[in-house]
Structures are given as C-alpha cells and as structure tokens.
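These are the residues of each chain, in order.
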Amino acid sequence: MRFRKLLSVLLSAVFFVSSMGITAAATPETVQDKLGAVEKDTYGTEQTGALIDRINKLEKDYDGTHRTGSLMARVNAIYNEVYTNSTKPSLLADLNAVEWNIGHEVSMDSVDERVANLEMDLMGKTGTGTYRERLTKLSQASFGSAELPLSQVRVPSDTLVKIALVTPVNSDNLKAGDTIRYQVAQDVLVDGKLVFAKGLPGEGTVTKVKQARNFGRNAEVQIDFNKTKSIDGTYVDTYIGEEAKKEMKNLAMAAGASIAGIAILGPIGVVAGAFVHGKDVNLPAGTELFIQTKGDATLYGVATTQAK
C-alpha cells in the first residue's frame, strides 16, 4: 500500500517540482497573534471577545490562577508554557508524549479534545481541573510517573521524515500562496529517542502553479514543505533535498517504477505532438513522500525502544 501511494507521487506528478526549502514561519509577535495561536491549538478556533476575558480564560484553563502584569507579559507566559522548551519540555511536548505512548500516534486535534479523549481511553470519563493537572494524571497513568521520559537530543541535518498529504495536491485548483497540510507518516528516532511521531502536522506553501497545456506540456506544482512539527512541539525547517529524492527513487525502483516515471527527480519532459494535452498533477490525500530536515536542531525526544 505504501509503495502504491509513493508511486502515485512519482508517476502522476512527473511534473511535481521539488521543494527548495524556506525558513519556517516566525514566532507571532503581537498580543493578538500570540493569543490567537494559543487559542487555535487549545480550543480548535481563535476565540472572540475582549482580550482580557480571553487571557483570563486561558490562564484559568491552564493554571487555575490569573497572572498580573501587562497584556504582553501575561500572553507570553501562556505562550511559553504551551510551546517553549527550555530547562524543561513544554506542555505540548508532554501531551504529545502521553498521546503517543497510548496510541503510537499523535492527533492534530485541539488540546481540549486530546486531553478529553485520552481521559476517556484511560479512565472511562473526562477529568476536572486545569489542563496541567489533568495531564499530570494522564502521565502517571500512562508512564507510571508524573515526570515524562523526555530528554534533549541533537537531530542532524538531512534527517529523513516520511510524510502523508492531508491536503490533496491538484494543479486545477491550487494557486501560489495556498497552504498544503500534511502529517508525519512514520515515527523517526534519533539515538533511541522519538523526535518525529506519526500524526504530527506540517505545513507547506505552494509557490508556483502551471496548468497543463497543449503540445504535451505537463502541469507543474512547486511546494515548499517548509515546517514540520516535532514531538516537543517545535516546528523544524524541512524541505525536499537530495536525500529525500534518493529515498523516493529507491522505493519507486523497488516497487517496479521505471526511470521514465520518476521525473520528480529531474527535468520536465515534453511529449511531442501539437494536439497532445499535458497531464495534470493530481495527488490525493494520503499520498506519501519524503522530506528532510534543513539544519541541525536540538529537540526534546521521548526515550523509548517501542517506536516503529
């Protein structure tokens, strides 16, 4: 099945221009942008209403208390608690580790949904209290300890990551600037630590689209697969480089694809004939391919021998 999905990349997208890799999106800077980012990950959608009320709700849901200080200081504190890995892993890193340990896959749902679903799976009912308190109970139930087996690991440049498209790639309805969503399709371990877990999200950006035309000129779609989330919640810069191309070529050859079908790795061919219409790019959701990390990164990984 996975070979078939990979072949659909290589054979139906003779015209799929590989990623060049660009820098991942910068951290939000304004109160509104940071607040919106946390709300989307926490509740599934950005909330409405007065900024003070929205901040109060997040503080209550995560910590049970309200902070003092400026709006930016309060939002920064919530943002850092959810996302920032420094002397200890972030809340999102802890949640990812617990969820993976239970189902060997990480969900793209909101924090609220994920915590509730894990409680139902483990305990048969949803819990009460703050997200931090509920996550501590889940950690104890899942790992036998409130302290999760997360430790830092250096992830070298060009580490391969298998992904699966969430957003279909169709040259007929895409335009430059569109977002392409995908998920990690297979766990990635470095030095025995899980750093990319199956199910984690990534985002790419369409940078160029050319429609199929007469004279056998095939459609062309160029995508930068520019940021992929690791298990500690950090977005890592990724792209389709030479190692990723080589891996796709090796799998395609093992599955019986001809060299002629692997134009993703080389120039676009032109079919002779004035009235021959070129082929469209049409890659369904679930299509698998490889990307690679763009540079060295230090991340928190889950110490495990169970990842597959």
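Residues numbered from 1 in each chain as written. Predicted model: local features only at pLDDT ≥ 70, side-chain atom pairs only at ≥ 80, totals over all residues. Heavy atoms only, no water.

**So, the overall build of the protein**
Per the secondary structure count, the protein includes eight helices and 13 strands. Every one of the 308 residues in the protein was classed for burial, and the buried ones make up 48%. Taking the contacts inside the protein whose residues are at least 6 apart along the sequence as the reference set, 66% of them involve residues at least 24 apart. Roughly 14,300 Å² of accessible area belongs to the protein as shown, and the carbon and sulfur atoms make up 50% of that amount. (Helix = DSSP H or I, 4+ residues; strand = E, 2+ residues; numbered from the N terminus. Buried < 20%, exposed > 50% of the residue type's maximum accessible area, 1.4 Å probe, protein only. Contact = heavy atoms within 4.5 Å. Areas by Shrake-Rupley, 256 points an atom, 1.4 Å probe, with all protein chains shown as cover.)

**Some details on the sheet that holds strand S13 (residues 297-303)**
Across the sheet, which stays open at both edges, the four strands sit in the order S2-S13-S7-S6 with antiparallel pairing between neighbours. Looking at strand neighbours, the two that pair on one side only are strand S2 (150-155) and strand S6 (188-190), the edges of this open sheet. Taking each pair of neighbouring strands and ignoring which way they run, the sheet shows an average axis angle of 50 degrees. One ladder, built from two bridges, connects strand S7 (residues 193-196) with S13; its direction is antiparallel. Residue pairing across strands places Leu 194 opposite Val 302, the latter belonging to S13. (Pairing = 2+ DSSP bridges. Axes fitted to C-alpha atoms, helices over the stretch in contact; angles between N-to-C directions.)

**Some remarks on the pattern of salt bridges**
In the structure shown here, the tally under the stated rule is 17 salt bridges. Residue Arg 67 pairs with Glu 59 through a salt bridge whose shortest N-O separation is 4.0 Å. The buried category is assigned to Glu 59, whose relative accessible area is 0%. With a closest N to O distance of 2.8 Å, Glu 119 and Arg 134 form a salt bridge. Of this pair, Glu 119 sits in helix H6 (residues 111-123) while Arg 134 sits in helix H7 (residues 131-143), and the two are 15 residues apart along the sequence. Counted as one network, the salt bridges with shared partners bring together Glu 59, Asp 63, Arg 67, Arg 74 and Glu 81. (Salt bridge = Lys/Arg side-chain N within 4 Å of Asp/Glu carboxyl O.)

**Digging into the layout of surface pockets**
In this structure, the largest pocket encloses a volume near 1,100 Å³. Forming the boundary of the largest pocket are 35 residues, of which Asp 41, Tyr 83, Lys 227, Lys 229 and Tyr 235 lie nearest the centre. Here the lining of the largest pocket gets six residues from one element, more than from any other, and that element is helix H2 (residues 31-43). Per-class residue counts for the lining of the largest pocket are 14 nonpolar, eleven polar and ten charged. A volume near 160 Å³ is recorded for the second largest pocket. When the residues that make up the lining of the second largest pocket are grouped by side-chain class, the tally is three nonpolar, four polar and four charged. (1 Å grid on protein atoms, 1.4 Å probe; cavity = no way out; pocket = protein on both sides within 12 Å on 5 of 7 lines; lining within 4 Å. Points joined across faces, edges and corners; volume = space filled by probe spheres on them. Nonpolar A, V, L, I, M, F, W, Y, C, P; charged D, E, K, R; others polar.)

**Concerning the confidence of the model for the protein**
Fine structural detail should not be taken from predicted coordinates in areas where pLDDT scores are low. For the protein, per-residue confidence averages 83 on the pLDDT scale, and residues scoring 70 or more make up 80% of the total. Put simply, strand S1 (residues 16-17) is where the protein has its lowest mean pLDDT, 44, and helix H3 (residues 51-63) is where it has its highest, 97. Long-range and interchain partners of residues 9-25, a stretch whose pLDDT sits below 50, account for 68 contacts in this model, where long-range means more than four residues apart. (pLDDT = per-residue confidence, 0-100.)

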